[in-house]
Amino acid sequence: GNSVTQMEGPVTLSEEAFLTINCTYTATGYPSLFWYVQYPGEGLQLLLKATKADDKGSNKGFEATYRKETTSFHLEKGSVQVSDSAVYFCALSDRGGGGSQGNLIFGKGTKLSVKP
Amino acid sequence: GAGVSQSPRYKVAKRGQDVALRCDPISGHVSLFWYQQALGQGPEFLTYFQNEAQLDKSGLPSDRFFAERPEGSVSTLKIQRTQQEDSAVYLCASMRGRIEETQYFGPGTRLLVL
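These notes cover the structure that comes with them. (Residues numbered from 1 in each chain as written. Chains lettered and ligands numbered in written order. Predicted model: local features only at pLDDT ≥ 70, side-chain atom pairs only at ≥ 80, totals over all residues. Heavy atoms only, no water.)

1. Topic: the sheet that holds strand S1 (residues 5–7) of chain B
Two pairing modes exist for strands in a sheet, parallel and antiparallel, and in both the strands are linked by backbone hydrogen bonds. All names here are of chain B. Taking strand neighbours across the sheet as the criterion, the four strands line up as S1-S3-S8-S7 in an open arrangement whose pairing is antiparallel. The strands lining the two open edges of the sheet, one partner per strand, are S1 and strand S7 (65–68). Recorded for the sheet is a direction-independent mean angle of 15° between the axes of neighbouring strands. Relative to strand S8 (residues 75–79), strand S3 (residues 19–24) is paired through five bridges, and the arrangement is antiparallel. Counterpart to Leu21 in the pairing with S8 is Leu77. (Pairing = 2+ DSSP bridges. Helix = DSSP H or I, 4+ residues; strand = E, 2+ residues; numbered from the N terminus. Axes fitted to C-alpha atoms, helices over the stretch in contact; angles between N-to-C directions.)

2. Side note on the packing of aromatic side chains
Tallied over the entire structure, the rule returns 13 aromatic pairs over all chains. Here Tyr25 of chain A and Tyr66 of chain A contribute two aromatic rings whose centre-to-centre distance is 6.0 Å and whose plane-to-plane angle is 85°, an arrangement assigned as edge-to-face. Remark: Tyr66 of chain A occurs in the loop between strand S8 (62–65) and strand S9 (75–77) and Tyr25 of chain A occurs in strand S4 (residues 23–26); sequence separation between them is 41 residues. Looking at Tyr66 of chain A, the relative accessible area reads 1%, which means it is buried. Their ring planes at 90° and their centres at 6.2 Å tell us that Phe89 of chain A and Phe106 of chain A sit as a pair that is edge-to-face. Remark: Phe106 of chain A occurs in strand S11 (residues 103–106) and Phe89 of chain A occurs in strand S10 (residues 86–94); sequence separation between them is 17 residues. Each of the two residues, Phe89 of chain A as well as Phe106 of chain A, counts as buried. Among the aromatic side chains, those forming a connected cluster through ring pairs are Phe34, Tyr36, Phe89 and Phe106 of chain A together with Phe33, Tyr35, Phe45, Tyr48 and Phe105 of chain B. (Phe/Tyr/Trp six-rings, centres within 6.5 Å; stacked < 30°, edge-to-face > 60°. Buried < 20%, exposed > 50% of the residue type's maximum accessible area, 1.4 Å probe, protein only.)

3. Things to note about the pairing of S10 of chain A
Residues and elements named next belong to chain A. Of all nine residues making up S10, eight are buried, and the element is well covered by its neighbours. Sheet topology note: the strand S5 (residues 33–38)/S10 ladder contains six bridges and is antiparallel. Across the sheet, the residue bridging to Gln38 is Val87, located in S10. Two strands pair when backbone bridges link them, and S10 and S11 are joined in this way by four bridges, in the antiparallel orientation. Residue pairing for S11: Ser93 is matched across the bridge by Leu104.

4. Brief notes about the state of the cysteines
With the rule as written, the count across this model stands at two disulfides over all chains. The disulfide partner of Cys23 of chain A is Cys90 of chain A, and the gap between their sulfur atoms is 1.9 Å. Looking along the S-S bond of the Cys23 of chain A-Cys90 of chain A disulfide, the torsion reads about -70°, which is the left-handed sense. Here Cys90 of chain A lies in strand S10 and Cys23 of chain A lies in strand S4, a separation of 67 residues in the sequence. A single burial state applies to Cys23 of chain A and to Cys90 of chain A, both of which are buried. Note that Cys23 of chain B is cross-linked by a disulfide to Cys92 of chain B, the S-S spacing being 1.8 Å. Residues Cys23 of chain B and Cys92 of chain B share a disulfide whose torsion about the S-S bond is about -60°; that sign makes it left-handed. With Cys23 of chain B in strand S3 and Cys92 of chain B in strand S9 (residues 88–95), this pair connects stretches of sequence that are 69 residues apart. The two residues Cys23 of chain B and Cys92 of chain B agree in class, both being buried. (Disulfide = S-S within 2.5 Å.)

5. Observations regarding the interface of chain B and chain A
At the junction of the two partners, chain B supplies 23 residues and chain A supplies 21 residues. Both faces considered, chain B and chain A share a buried interface measuring about 1600 Å² in area, 51% of it formed by carbon and sulfur atoms. If you look at where chain B meets chain A, you find zero salt bridges. At the boundary of chain B and chain A, one finds three residue pairs in polar contact (both at pLDDT 80 or more). Every element with two or more residues in the side of chain B that touches chain A is listed here: strand S4 (31–37), strand S5 (44–50), strand S6 (53–56) and S9 of chain B. Residue composition of the side of chain B that touches chain A, grouped by class: eleven nonpolar, eight polar and four charged. (Contact = heavy atoms within 4.5 Å. Buried area = accessible area lost by both parts, 1.4 Å probe. Salt bridge = Lys/Arg side-chain N within 4 Å of Asp/Glu carboxyl O. Polar contact = N/O pair within 3.5 Å; in protein donor to acceptor, adjacent residues only side chain to side chain. Nonpolar A, V, L, I, M, F, W, Y, C, P; charged D, E, K, R; others polar.)

Below is the structure:
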């Protein structure tokens, strides 16, 4: 079945460092791909998404490109801030059936801590 | 507020008790999802509603889990005869349409079964 694998954390970086969080997926067909973020004490929020191959999602300085050839959707940011400290989840939209219209399949999450 | 709300935010239950978790989706959103998030894991799909119709319940872990959305708005997830392995955060998400769009998540209900 469909699945998502993302790098395990925690990841600790200094402010202004470059961030990469790896995410690969297994899916039949062509799912949409997402990055969600969960800030401390808050609910899941959509960070960015891409709906087809070679699409690049971007938001708040974060980027991820849908790579069909490598089945990847790695999250990157050029210069992280303390306020980026959160748990990041990679997810795909499962169009596999059962009547659902896009329930999400998540990775396990990667906790990012950014130190000043 | 305009977001998804869930209640209670925290629930402690003794093993064997029944619990009911409520989700108020964004007004007018057609689709509603329930997910279960165990500690240190990503959310896992439980069930999906389109208006009042439960179209997919393939993720419900046992027949002790039951969900409803009788008027196509508020939804309730009920767990009967709770077990310790039911301890998790239960997340609700709503989506405006019927096909794949952005899902908006509530803050979750943290259930602890003792």
